[in-house]
Amino acid sequence: MNTKNSLPVFEGRTVISPQGYNVHADDWQKVVWGDQKKQLLGRAPYALWVSLKEKEPPLFLWNTGASQKNGLKEASYTRNYVLEHMLELPKQFPTFFAGTEKKLLSLKKHLQKHNTLLLEEISYNTRESMFAMGIMLNHIVGLEEVIIISSDNHTPRCMRDGLVAFHATMCRFSQIRFQFEACHTSYADKKIDDVIIRDLGD
C-alpha cells in the first residue's frame with residue numbers, strides 16, 4: 001500500500017533512530033560503533049541494546065545523506081555496517097550483550113525484512129533530518145514511541161530540532177512519546193558540559 005506521495009506504509013509501535021555520523025570522520029568507529037576496550041557503546045550498538053528491551057521488535061529509521069562512502073549514503077552505509085557486524089556484539093561488548101546471541105539473530109532477521117525502505121537520505125544536517133524523519137513517521141501505523149539515540153554532545157540539538165520538526169510535521173504529535181537518549185561515546189572527545197546550543201538558523 002502506498003500513500004499519495006509514494007511513501008510506503010509501515011506498522012510498528014516503536015521506532016528507534018540511531019543518528020548518523022560523517023562516514024569519513026577519523027572517529028567514526030568510536031562514535032558509531034563504540035570502544036571495545038572501555039566497553040562503551042556507540043550510537044548503533046546502543047540502539048540495538050535498547051531495542052532488545054522492547055516487548056516487540058522495533059522499526060529502525062536510519063539517517064542521513066550528509067556523507068557517503070563506497071557509493072552509499074550515510075544512512076545506507078551505517079545500516080549495512082550494523083547488519084554485517086551486529087552478531088559480533090556479544091564478543092565485542094559482553095558487558096551489555098552477553099547471552100543475547102539468539103535475540104540478536106532474531107533482531108537481525110527482523111531488520112533485514114522490515115527496514116529496507118526506512119532510510120532518510122535527503123538531509124544534510126540535524127534540523128533537515130528531523131523534518132524529514134517527521135514526514136516519514138507519519139506513515140507508520142500504530143506508532144506510539146520514537147527513540148532517538150545520539151552522542152551526549154549531540155543529543156541536545158536532536159531534542160531541540162526534533163521537537164520543533166515533529167510538532168510541525170506529525171499529525172499525531174501529541175499522542176506519541178518521544179525519547180532522546182545518549183550513547184556512551186562522543187565525537188571530538190567533547191562531553192555534554194562542553195556543548196552550547198545556539199540558534200543560528202542553520
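It should be noted that the structure appears before, not after, this text.
This is a predicted model, so every value here is computed, not measured.

**Digging into the environment of valine 141**
As for its placement among the helices and strands, valine 141 is situated in strand β10 (residues 140–141). The exposure class assigned to valine 141 is partly exposed, which follows from its relative accessible area of 47%. Taking the C-alpha atoms as reference, valine 141 lies 7.1 Å from valine 9; in sequence the two are 132 residues apart. Dropping the residues within four chain positions of it, valine 141 is found in contact with Val9, Phe10, Glu11 and Gly12.

**Focus on the nonpolar core**
Grouped together as the largest cluster of nonpolar side chains are 32 residues, with contacts concentrated most on Leu48, Met86, Leu89, Phe97 and Ile149. When contributions to this core are tallied by element, the ones reaching two or more residues are α1 (28–33), α2 (43–51), α3 (74–85), α5 (94–97), α6 (101–114) and β11 (145–150). If we skip the residues at most four places from it in the chain, phenylalanine 97 touches Leu41, Pro45, Leu48, Trp49, Leu52, Leu89, Pro90 and Leu104. Residues Leu61, Ile140, Val146 and Ile148 belong to the second largest nonpolar core, which totals 20 residues.

**Let's talk about the pattern of salt bridges**
Scanning the model with the defined rule gives six salt bridges in all. For arginine 13, the salt bridge is made with glutamate 144, and the minimal N-O distance between the two is 3.7 Å. With arginine 13 in the loop between β1 (10–11) and β2 (14–18) and glutamate 144 in the loop between β10 and β11, this pair connects stretches of sequence that are 131 residues apart. Note on arginine 13: relative accessible area 21%, which makes it partly exposed.

**Examining the packing of aromatic side chains**
All chains considered together, the criterion is met by nine aromatic pairs. Seen in terms of ring centroids, tyrosine 46 and tryptophan 49 are 5.5 Å apart; in terms of plane orientation they differ by 65°. Their pairing is edge-to-face. On the criterion of helical spacing, the pair formed by tyrosine 46 and tryptophan 49 is a turn pair, its members being three residues apart in helix α2. Take tyrosine 46: its relative accessible area is 9%, and that puts it in the buried class. Chaining the aromatic ring pairs together yields one cluster made of Trp28, Trp33, Tyr77 and Tyr81.

Scoring rules and cut-offs
Residues numbered from 1 in each chain as written. Predicted model: local features only at pLDDT ≥ 70, side-chain atom pairs only at ≥ 80, totals over all residues. Heavy atoms only, no water. Helix = DSSP H or I, 4+ residues; strand = E, 2+ residues; numbered from the N terminus. Buried < 20%, exposed > 50% of the residue type's maximum accessible area, 1.4 Å probe, protein only. Contact = heavy atoms within 4.5 Å. Core = buried A, V, L, I, M, F, W, Y, C linked by side-chain atoms within 4.5 Å. Salt bridge = Lys/Arg side-chain N within 4 Å of Asp/Glu carboxyl O. Phe/Tyr/Trp six-rings, centres within 6.5 Å; stacked < 30°, edge-to-face > 60°.

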